[in-house]
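Residues per chain, in single letters:
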Amino acid sequence: MLRKLHMLSIELIRKDLKRVEEGLKKRGDKSDLSALLNLDEQRRSILKKIEELRFQRNNASDEIGKLKREGKSAEEILGQMKGVSEEIKKLEGEIALIENEEDNILLTLPNLPHESVPEGRDEIENVEIRKWGEIPQFSFEPRPHWEIGEDLKIIDFQRASAIAGARFALLKGKGALLERALINFMLDLHTTEHGYTEVLPPFMVNSKAMTGTGQLPKFEDELFKLERDRYYLIPTAEVPVTNIHREEILQEEALPLYYTACTPCFRREAGSYGKDTRGLIRQHQFNKVEMVKFCKPQDSYDELEKLTNNAEDVLQRLGLPYRVVLLCTGDMGFSSAKTYDIEVWLPAQNTYREISSCSNFEDFQARRADIRYKSAKGRTEFVHTLNGSGLAVGRTLVAILENYQQEDGTVIIPEALRGYMGGEEKIT
RNA sequence: GGAGAGGUGGCCGAGUCGGCCGAAGGCAGCUGCCUGCUAAGCAGUUGUGGGGGUAACACUCCACCGUGGGUUCGAAUCCCACCCUCUCCGCCA
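Residues numbered from 1 in each chain as written. Chains lettered and ligands numbered in written order. Predicted model: local features only at pLDDT ≥ 70, side-chain atom pairs only at ≥ 80, totals over all residues. Heavy atoms only, no water.

> Help me understand the overall build of chain A in this model?
The number of helices and strands found in chain A is 13 helices and 18 strands. Counting only C-alpha atoms, chain A reaches 100 × 45 × 45 Å along its principal axes. Residue burial in chain A is summarised as follows: out of 428 residues, 51% are buried. Considering only residue pairs separated by 6 or more positions, chain A has 74% of its internal contacts joining residues 24 or more positions apart. Summed over all atoms, the accessible surface of chain A reaches about 21200 Å², with 46% contributed by carbon and sulfur. Across chain A, the mean location of the 61 positive side-chain charges is 4 Å away from that of the 72 negative side-chain charges. (Helix = DSSP H or I, 4+ residues; strand = E, 2+ residues; numbered from the N terminus. Buried < 20%, exposed > 50% of the residue type's maximum accessible area, 1.4 Å probe, protein only. Contact = heavy atoms within 4.5 Å. Areas by Shrake-Rupley, 256 points an atom, 1.4 Å probe, with all protein chains shown as cover. Lys, Arg positive; Asp, Glu negative; His and termini not counted. Charge placed at Lys NZ, Arg CZ, Asp CG, Glu CD.)

> For this particular structure, what's the right way to read the packing of helix α7 (residues 174-192) against helix α12 (residues 393-403)?
For any two helices packed against each other, one specifies the crossing angle of their axes together with the interaxial distance. Viewed as axis vectors pointing N to C, α7 and α12 meet at an angle of 115°, and their least axial separation amounts to 10 Å. For α7 against α12, the interelement crossing comes out right-handed. Taken together, the residues of α12 that come into contact with α7 (itself represented by G175, L178, E179, L182, I183 and M186) are V393, G394, T396, L397, I400 and L401. (Axes fitted to C-alpha atoms, helices over the stretch in contact; angles between N-to-C directions. Left-handed = near helix turned anticlockwise from the far one by under 90°.)

> For this particular structure, what's the right way to read the protein's contact with RNA strand B?
The full set close to RNA strand B counts 22 residues, and R54, I64, K82, S85 and R372 are the nearest of them. At 3.3 Å, a side-chain N or O of N58 approaches a phosphate oxygen of RNA strand B. Here a phosphate oxygen of RNA strand B sits 3.1 Å away from a polar atom, N or O, in the side chain of K89. Those elements giving two or more residues to the surface near RNA strand B turn out to be α3 (33-69), α4 (75-106) and β14 (371-374). A total of 12 residues in the surface near RNA strand B trace back to one element, the largest contributor, which is α3. Here the residues of the surface near RNA strand B are counted per class, giving five nonpolar, five polar and 12 charged. (Near = heavy atom within 4 Å. Polar contact = N/O pair within 3.5 Å; in protein donor to acceptor, adjacent residues only side chain to side chain. Nonpolar A, V, L, I, M, F, W, Y, C, P; charged D, E, K, R; others polar.)

> Just to check I follow, could you spell out the pairing of strand β16 (residues 384-392) for this structure?
The side chains of a regular strand alternate between both faces of the sheet. Counting buried positions over the nine residues of β16 gives nine, a clear majority of the element. For strand β10 (residues 285-295) and β16, the ladder comprises seven bridges, and the chain directions are antiparallel. Note on β16: the bridge partner recorded for V292 is N387. Direction of pairing for strand β13 (residues 351-360) relative to β16: antiparallel, over a ladder of three bridges. In the strand pairing of β16, S359 is matched with N387. (Pairing = 2+ DSSP bridges.)

> What is the right way to read the nonpolar core from this model?
Generally speaking, a soluble globular protein has its nonpolar side chains buried in company with each other. Counting 55 residues, the largest nonpolar core has L178 and L182 as its most contacted members. Examining the composition of this core, we find that nine residues originate from one element, α7, more than from any other. Setting aside its immediate chain neighbours within four residues, L182 contacts L318, V393, T396, L397, I400 and L417. Formed by 15 residues, the second largest nonpolar core is a distinct cluster that contains L250, L255, I371 and V383. (Core = buried A, V, L, I, M, F, W, Y, C linked by side-chain atoms within 4.5 Å.)

> How should I be thinking about the packing of α3 against α4 in this particular structure?
At their nearest, the axes of α3 and α4 sit 8 Å apart, and the two run at 150° to each other. Relative to α4, α3 is oriented roughly antiparallel. Crossing geometry of α3 relative to α4 is assigned as left-handed. (Parallel < 35°, antiparallel > 145°, perpendicular 65-115°, else oblique.)

> What's the story with the environment of G409 in this structure? I'm lost.
Examined against the element boundaries, G409 turns out to sit in the loop between α12 and β17 (411-412). Take G409: its relative accessible area is 13%, and that puts it in the buried class. Sequence spacing of G409 and L152 is 257 residues, and the spatial spacing of their C-alpha atoms is 7.6 Å. Residues contacting G409, with those up to four places away along its chain left out, are R143, I148 and L152.

> Could you clarify how one ought to interpret the pattern of salt bridges in this entry?
In a structure, side chains of opposite charge can pair up when their charged atoms sit close to one another. Per the stated rule, a full pass over the model turns up 26 salt bridges. In this structure, R54 and E92 form a salt bridge, with 2.8 Å as the shortest nitrogen-oxygen distance. In this pair, R54 sits in helix α3 while E92 sits in helix α4, placing the two residues 38 residues apart along the sequence. Here the salt bridges do not stand alone but share partners, grouping R14, D40, R43, R44 and E102 into one network. (Salt bridge = Lys/Arg side-chain N within 4 Å of Asp/Glu carboxyl O.)

> When you look at the sheet that holds β16 in this model, what are you seeing that I'm missing?
For sheets, the rule is that strands pair by backbone hydrogen bonds, running either parallel or antiparallel. One open sheet accounts for eight strands, arranged β1-β11-β12-β13-β16-β10-β9-β4; its pairing is mixed. Across the chains shown, the open sheet's two edge strands, defined by having one partner strand only, are β1 (127-132) and β4 (197-198). Two strands pair when backbone bridges link them, and strand β12 (residues 338-346) and β13 are joined in this way by nine bridges, in the antiparallel orientation. Each bridged residue has a counterpart across the sheet, and for I342 the counterpart in β13 is S356. Relative to the sheet, helix α10 (residues 300-318) contacts β1, β9 (257-266), β10, β11 (322-326), β12, β13 and β16, its axis offset from that of β16 by approximately 10°. Taken strand by strand, α12 contacts β10, β12, β13 and β16, and its axis lies near 35° from that of β16.

> Explanation requested: the sheet that holds strand β6 (residues 225-226) in the structure shown.
Reading across the sheet, the three strands line up as β5-β7-β6 and stay open at both edges, with antiparallel pairing between neighbours. The open sheet is flanked by β5 (204-205) and β6, the only strands paired with a single partner.

> Explanation requested: the packing of aromatic side chains in the structure shown.
Enumeration according to the criterion identifies eight aromatic pairs in this entry. Ring centres of F219 and F334 lie 5.2 Å apart, and the angle between their planes is 75°; on these two criteria the pair is classed as edge-to-face. With a gap of 115 residues between them, F219 in the loop between α8 (207-213) and β6 and F334 in the loop between β11 and β12 connect regions that are remote in the sequence. Among the residues examined, F219 registers a relative accessible area of 26% and is labelled partly exposed. (Phe/Tyr/Trp six-rings, centres within 6.5 Å; stacked < 30°, edge-to-face > 60°.)

Right under this line is the structure:
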């Protein structure tokens, strides 16, 4: 009966119901907590009975043991205990059902927003925090990346759909090289200058890992699942990397831990039919360099700022204009307490599009995944986890094609990448 | 895929024919004593989760020896299923 799987702890709900209710309301979550509290009360009352009976049984068993050793008869107590055990079994059956129901509710409650998060219903109420870079001016009509890419013969959507279907792409020649250059550039930057340790995790994970970071049980529809082998394809490196330390107690001196990983990400994109159907923006498979942090609770908001800056650094070095947006309560992901999105400028769409999402999950994922640390005071506490894209590689490639496009259809390679592309300056 | 070995506390490791085993012993850690300092030595201490209780401690009860079931008054110890790790063979990047 190890009941540690709590995203929002039942204790918090019990002791500070108001705070939890307000938090959920701000998010627009309509969960009914009274049913949950009711279950919890039932659970505890049965637990109390069970523990009393077990106490009785333990005492009796000790007694029987003693009598037997002394060679005396224990028939009398033996008969009485038979019924007690059956009663315990019955109650254990009842409590298991209740716990199950309780956990099912708890696992679907989202994280509570941090106080600095603006209240709002959807992305319209997100708040722009800062802008960077000059929006490029073109003497011609800027073209969308899919046209540029197809004309340069570096992206082939037709053949990709023959191989797999819609929402897949085939990169060729300089296109594939550019993707690889971006990956290496980003990983090198994070490992050598930002202090991250590179990892290369499994791209398939089990359901425990998915539950740990919050994808399950609520968002199963968005995942690719391998039915026969009970694995899921990761929708982001966040899942395997955060779960590196699942069920561990870390040493305080080891914190903070910074990891970076480049993995493919697999998303079903259910419910986004008709959205971004052309181009590389919304694919079933794309590469992403991810940054993941584990830290002490008191540090996590500083770490979030740093993490966001690390992602911004990639765009600055590539010379891509962007803005940072603070997501409002209604637009945040399920597990997050606070999220900054970084949006890159896309000339053909004449707008900013998300290229990174940096979140502080506080102890939400740590509770689910049971990741703790031993503090100086000798207490074991949950760590805080954070992660952010640094960056989504496919969308970065899109941004480069569109922002660096020339009138003759060629694309200038940003200086920072040239070393990774054999010194070439242009894709022709 | 086939054959075998194993999963015990921070680590190593013991658990006899089921009964003071939450678990010997060692290491590491912490606290005293000793010591010019360090080392050694001596004594004590050190798991996790939950319920009750407290202002908070204290205290107390329950559970936890890979996971889930079963047998039994009672299981780390017996039975069943599953998971994982390791070794060998086969196949394979």
